[in-house]
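Here are the chains, one letter per residue:
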Amino acid sequence: MNQKLVSPTGASVSTNALMDYVKGGELYVNAGARSVCVTGQGDLANLPQDYPPGSVAFTAGFKRIWQLGADGAWVDLMESEGGA
């Protein structure tokens, strides 16, 4: 996916959050979880592969929300309402 710099001054604007996660029996500390506004689920496959677990993708108005799991799969938070 092509990337475009939104801030014309090159200033860094960040909504990153630090998050820890467990993968393969190892604890990863201070991973920079990201957030990204997408147009729909189809955009998830086009996101860079280096997004860390815990990152969140959402549509405008938060009508759909996905979170990237430690296994690398996007989980639809709207489908997982109500717990296990």
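Let me sum up the structure you'll find in this document. All values derive from a computational prediction rather than experimental measurement. (Residues numbered from 1 in each chain as written. Predicted model: local features only at pLDDT ≥ 70, side-chain atom pairs only at ≥ 80, totals over all residues. Heavy atoms only, no water.)

**Quick word on the layout of surface pockets**
Okay, so step 1: Each pocket or cavity is described by its volume, and for the second largest pocket that value is around 220 Å³.
Okay, so step 2: Lining the second largest pocket are 15 residues, with P48, Q49, Y51, L68 and G72 positioned closest to its centre.
Okay, so step 3: In terms of residue class, the lining of the second largest pocket is made up of 10 nonpolar, 3 polar and 2 charged. (1 Å grid on protein atoms, 1.4 Å probe; cavity = no way out; pocket = protein on both sides within 12 Å on 5 of 7 lines; lining within 4 Å. Points joined across faces, edges and corners; volume = space filled by probe spheres on them. Nonpolar A, V, L, I, M, F, W, Y, C, P; charged D, E, K, R; others polar.)

**Notes on the environment of K63**
Okay, so step 1: Locating K63 in the fold gives a position in the loop between β4 (56–58) and β5 (65–68).
Okay, so step 2: Between the alpha carbons of K63 and M78 there is a distance of 8.4 Å; along the sequence they are 15 residues apart. (Helix = DSSP H or I, 4+ residues; strand = E, 2+ residues; numbered from the N terminus.)

**Digging into the environment of W74**
Okay, so step 1: Among the secondary structure elements, W74 is positioned in strand β6 (residues 74–76).
Okay, so step 2: The partly exposed category is assigned to W74, whose relative accessible area is 23%.
Okay, so step 3: On a C-alpha basis, the gap between W74 and A45 in space is 9.3 Å, while along the polypeptide they are 29 residues apart.
Okay, so step 4: Apart from residues lying up to four places away in sequence, W74 is in contact with L44, L47, Y51, S55, V56, A57, W66, Q67 and L68. (Buried < 20%, exposed > 50% of the residue type's maximum accessible area, 1.4 Å probe, protein only. Contact = heavy atoms within 4.5 Å.)

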